[in-house]
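Residue-level structural notes
Spelled out, the chains give:
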Amino acid sequence: MPKRFPIGPLGEHDDDWLTIWAWLNNRSKSVQAALLIGFGIAEKKPEIERMLEYMAKKRGMTPDELFKSILDGTADSSDNEPASEE
């Protein structure tokens, strides 16, 4: 099973607005946050896939190989470049 890392706390401003949004939707904050994260991932998935392809090619591996190594915690991130808008 891959290592899973908890997501850190939100800043005060974002936490307040998440609380308000969750209340307005009659949801818990954790459910509201999960829905937001899921939506954000779905929206950004094509960009994430392009980034994965680029980084895999740079490392001489396939995107599937890099995908698996990231999820199983064996990917070396020491030579990652900071995220940028391409």
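Coordinates for the structure precede this section.
These numbers were taken from a predicted model, which means no experiment stands behind them.

**Some points on the pattern of salt bridges**
Enumeration according to the criterion identifies 2 salt bridges in this entry. Note that Asp15 and Lys29 form a salt bridge whose closest N and O atoms lie 2.7 Å from each other. With Asp15 in helix 1 (residues 12-24) and Lys29 in helix 2 (residues 29-58), this pair connects stretches of sequence that are 14 residues apart. When its relative accessible area of 33% is taken as the criterion, Lys29 is described as partly exposed. Its salt-bridge partner being Lys44, residue Glu47 comes within 3.6 Å of it at the nearest N-O pair. Taken together, the residues span about one helical turn, with Glu47 and Lys44 both in helix 2 at a distance of 3 residues.

**So, the packing of helix 1 against helix 2**
At a closest axis distance of 9 Å, the pairing of helix 1 and helix 2 adopts a crossing angle of 100 degrees. Between helix 1 and helix 2, the angle is such that the two are roughly perpendicular. Residues Asp15, Leu18, Thr19, Trp21 and Ala22 of helix 1 pack against Lys29, Gln32, Ala33 and Leu36 of helix 2. Along the lines of polarity and charge, the residues of the contact of helix 1 with helix 2 split into 5 nonpolar, 2 polar and 2 charged.

What counts, and where the lines are drawn
- Residues numbered from 1 in each chain as written.
- Predicted model: local features only at pLDDT ≥ 70, side-chain atom pairs only at ≥ 80, totals over all residues.
- Heavy atoms only, no water.
- Salt bridge = Lys/Arg side-chain N within 4 Å of Asp/Glu carboxyl O.
- Helix = DSSP H or I, 4+ residues; strand = E, 2+ residues; numbered from the N terminus.
- Buried < 20%, exposed > 50% of the residue type's maximum accessible area, 1.4 Å probe, protein only.
- Axes fitted to C-alpha atoms, helices over the stretch in contact; angles between N-to-C directions.
- Parallel < 35°, antiparallel > 145°, perpendicular 65-115°, else oblique.
- Contact = heavy atoms within 4.5 Å.
- Nonpolar A, V, L, I, M, F, W, Y, C, P; charged D, E, K, R; others polar.

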